[in-house]
Amino acid sequence: MNVARAFNLACVCDGKIYVTGGCKDLDSTNWMEVFDTKTQTWEFLLIPNEEIICRDSKYKSVTYEGDVYVKSKEKDVTYKLPKSVRWRSADLMMNMGSCRLSTLCVVENVLYRCNGKIYWYNFNDRLWRDLKGLDVVLYSRLCIDDHVKMMGFSGNMAILWNEYDKFCMKKIWFADIEIEKDLFGELWGRLKSFDVVSTTSERYSLAYALATTV
């Protein structure tokens, strides 16, 4: 990268890695950098509107249908970078339904969020809908904070989150959810696995979740 960053957000779109925030003296020239995996080069992505930037803000980012979405937690607004490379405000209803502490991911071209429960966004109706069929046991464990991370892999959804026990040990939970669509267009989740995958006394926080193949 061209500047040092910490606690920044990153997402991948069309072979490019978009990195947002996390550096000192944020302005329209350094707010976002893009890494081209083909040319192996970094470049700054200039933004035309300084109002997009919240210098003390944390961001969440996700790619959907070739567009990059960046959500500012402080300003509670979502911005969209279409293929035309011109920033604009995203769908108002999409932003209203996505609360500040929600985490986002895309599975099989469907946008999901999690903030205690899992929802999916219907672009036709412009509404967030419940992902039906999930056990209340899962929701009793899920917390509403930044430590929940979601990702899509092989058509399924994976969720990771932290939980402390009474001995101050940190447990890392993992849930594997299979998603199906019924005849009426509703999406249903089936919990395939749900368990603690690691326990530690070390202090850290989950920063990012990424699915890969070897």
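Definitions and limits used
- Residues numbered from 1 in each chain as written.
- Predicted model: local features only at pLDDT ≥ 70, side-chain atom pairs only at ≥ 80, totals over all residues.
- Heavy atoms only, no water.
- Pairing = 2+ DSSP bridges.
- Helix = DSSP H or I, 4+ residues; strand = E, 2+ residues; numbered from the N terminus.
- Buried < 20%, exposed > 50% of the residue type's maximum accessible area, 1.4 Å probe, protein only.
- Disulfide = S-S within 2.5 Å.
- Axes fitted to C-alpha atoms, helices over the stretch in contact; angles between N-to-C directions.

For the chain, an unreviewed UniProt entry supplies the name FKB95-like N-terminal Kelch domain-containing protein and the organism Eruca vesicaria subsp. sativa.

The two faces of a sheet get side chains in turn, since along a regular strand they alternate between them. Of the strand pairs in this sheet, strand S13 (residues 149–153) and strand S14 (residues 156–164) are connected by 5 bridges, and their pairing is antiparallel. Within the sheet, the bridge partner assigned to Phe153 lies in S14 and is Asn156. Between S13 and S14, which pair antiparallel one after the other, the connecting turn spans 2 residues, and Ser154 there sits at a positive phi close to 50°.

Attention shifts here to the pairing of strand S1 (residues 9–13). With burial as the criterion, only one face of S1 is covered, namely that bearing Leu9, Cys11 and Cys13; the residues Ala10 and Val12 on the opposite face remain uncovered. Note: S1 against strand S2 (residues 16–20), 5 bridges, orientation antiparallel. By the bridge assignment, Cys13 is partnered in S2 with Lys16. In this antiparallel pair of consecutive strands, S1 and S2, the connection spans 2 residues, and Asp14 shows a positive phi of 50°.

For the rest of this paragraph, the subject is the state of the cysteines. Counting across every chain of the model gives 0 disulfides. Looking at Cys105, it has no disulfide partner, and the nearest cysteine sulfur is the one in Cys114, 9.0 Å off.

The phi torsion at Gln40 lies on the positive side, around 60°, for a residue other than glycine. Here Gln40 lies in the loop between strand S3 (32–36) and strand S4 (41–44). Its relative accessible area of 54% is what places Gln40 among the exposed residues. Residue Ser154 is not a glycine yet carries a positive backbone phi of 50°.

This part is about the sheet that holds S1. Taking strand neighbours across the sheet as the criterion, the 4 strands line up as S1-S2-S3-S4 in an open arrangement whose pairing is antiparallel. Unpaired on one side and paired on the other, S1 and S4 mark the two borders of the sheet. Pairs of neighbouring strands in the sheet enclose a mean axial angle of 20°, with direction left out of account. The sheet contact formed by S2 and S3 spans 5 bridges and is antiparallel. Looking at S3, one finds that Val19 is bridged to Glu33.

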